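Residue-level listing of the chains:
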Amino acid sequence: MTETSFQPRFQGFDCSGPCGGRFDAREPRSVCPRCDRPLLARYDLEAIAARLTPSDLPRFGTDLWRYRAVLPFASSIALVRLGEGGTPLRPLPRLAEELGLRELWLKEEAGNPTHSFKARGLALAVNGALAFGRRGIALPSAGNAGSAAAAYAAAAGVRCRITMPQDTPEAFVLSARALAAEVRLVPGTIAEAARALAEWAPAPEWWNVATFREPFRLEGKKTLGYEIAEQSGWRLPEVIFYPTGGGTGLVGMWKAFGELFTLGWTEGPMPRMIAVQAAGCAPVVRAFESGSDRVEPWADAWTLASGLRVPSPFAGELILRALREARGGVIAVSEEEMLEGMKDLAEREGCFACPEGGAVAAALRRLRASGEVQPEERVVVFNTGSGLPYAEAWRRARANVGGAAR
Ligand SMILES: *Cc1c(COP(=O)(O)O)cnc(C)c1O
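Here the structure is a predicted model, which means the values were calculated and not measured.

Examining the site of the ligand
Not every one of the 17 residues close to the ligand is listed here, only the nearest: K118, Y242, G247, T248 and T384. Between the ligand and G249, the relevant distance is 3.2 Å, taken from an oxygen atom to a main-chain nitrogen or oxygen of the residue. Relative to its unbound accessible area of 380 Å², the ligand is 97% covered by the protein chains. Elements with a contribution of two residues or more to the shell around the ligand: β10 (239-243) and α8 (248-263). Its residues assigned to classes, the shell around the ligand comprises five nonpolar, nine polar and three charged.

Below is the structure:
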């Protein structure tokens, strides 16, 4: 790798844990070398704000590289780009009316390359791997991350090894293989897949791009926060519902909003962020509710929402910190509620949602009923990917659990 791969305002990495470690970007960095926690990319935001205002952004295009001033790479390098980011923030008027909300918006991520928001993170991670001089990437995935990694690796001309739980929906396995990745199926959850990967694709030959195991996926996900802010006229919404698995999007938005306050592009307060999980795998919900600052592994994790089946998120402490700083909350929804949420989005709003999106819609319905979300609050929900790969979930939703088939 060369230092010129990075832009001058990118300063290196801070440890996200209490060790306080600060590291430069002269050598490849994965996690904190002192305490093994996730690293956070650091920029000279004052210098960036002095040279750039939001009115300059259109000159950088409409995809996520619009925010390249706050991303790590030098303008001189040829990036691998597939058209990631720049997705719509669109209104959900029918659901808003039914739920008694003045303003409800959907961040619709299904239009990303390989049809999910995982493209944002993997775009940054694969360009980061190239900047670090790596020629092979590897990750465990329960679905969308695998397809996205495979696509960027193919376009970058680097090798890609993926381990997936055996019961991963077939469309994900097929698309990753179609995109030239080597895929191995492993019994168990993504936790077992991660263990199998360590043997099959060891460092340093294989650069691990698993969630929070390298610092750049977070930078890609952070663009969600920049886009929501800009698409809201730099007036942040009051509440954001996020389907939380490994937590990169949640932590990414928290990082983005903090950066935006320092840049002076928007003012606080930070939106209240609600982490939505499935009742069959809700380690973050349990930890937050018990007041813990650590997330303990969830036993026998299962849900149709494969992106939420993360029994032991590596960045658990950071997720809890982001939630508390955002005065946020947590909620676990049942599989039945999730399926109903998918149908709500599809039948009322024309959104062919993934189960994770359905979970978010169900969570909003519940928190409106309980009064935790108020009618005058501006709310953003996420559909994090297309419903298309989730044939089994949609078959069940169509069978209309607990009612007549439509
Ligand atoms: C991975 C994934 C999630 C969870 O995202 P994290 O950033 O890991 O919390 C949610 N929805 C879908 C569709 C996903 O693929």
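Additional details are given in the paragraphs that follow.
As for the UniProt feature "modified residue: N6-(pyridoxal phosphate)lysine" (unreviewed entry) in the protein chain
Using the residue numbers shown here, the UniProt feature "modified residue: N6-(pyridoxal phosphate)lysine" (unreviewed entry) corresponds to K118. Inspection of the secondary structure puts K118 in helix α3 (residues 118-131). Residue classification places K118 among the buried positions, given a relative accessible area of 17%. In this structure K118 touches N144, A145, A148, R217 and K221, once residues within four positions along its chain are discounted.

Describing the sheet that holds strand β13 (residues 378-383)
Taken in spatial order, the six strands make up an open sheet running β4-β5-β13-β10-β11-β12, and their pairing is mixed. Both edges of this open sheet fall to β4 (89-91) and β12 (329-333), since each of them pairs with a single strand only. Taken over all neighbouring pairs, the strand axes of this sheet differ in orientation by 25° on average, direction set aside. Looking at chain direction, β10 and β13 are connected through two bridges and run parallel. Among the inter-strand pairings, V239 is bridged to a residue of β13, identified as V379. Its contacts with the sheet put helix α11 (residues 335-349) on β4, β11 (272-278) and β12, and the angle it makes with β12 is roughly 95°. Contacting β5 (103-108), β10, β11, β12 and β13, helix α12 (residues 355-369) crosses the sheet at an angle of about 115° to β12.

Calculation notes
- Residues numbered from 1 in each chain as written.
- Predicted model: local features only at pLDDT ≥ 70, side-chain atom pairs only at ≥ 80, totals over all residues.
- Heavy atoms only, no water.
- Near = heavy atom within 4 Å.
- Polar contact = N/O pair within 3.5 Å; in protein donor to acceptor, adjacent residues only side chain to side chain.
- Areas by Shrake-Rupley, 256 points an atom, 1.4 Å probe, with all protein chains shown as cover.
- Helix = DSSP H or I, 4+ residues; strand = E, 2+ residues; numbered from the N terminus.
- Nonpolar A, V, L, I, M, F, W, Y, C, P; charged D, E, K, R; others polar.
- UniProt positions renumbered as here; feature names shortened; annotations may be inferred.
- Buried < 20%, exposed > 50% of the residue type's maximum accessible area, 1.4 Å probe, protein only.
- Contact = heavy atoms within 4.5 Å.
- Pairing = 2+ DSSP bridges.
- Axes fitted to C-alpha atoms, helices over the stretch in contact; angles between N-to-C directions.

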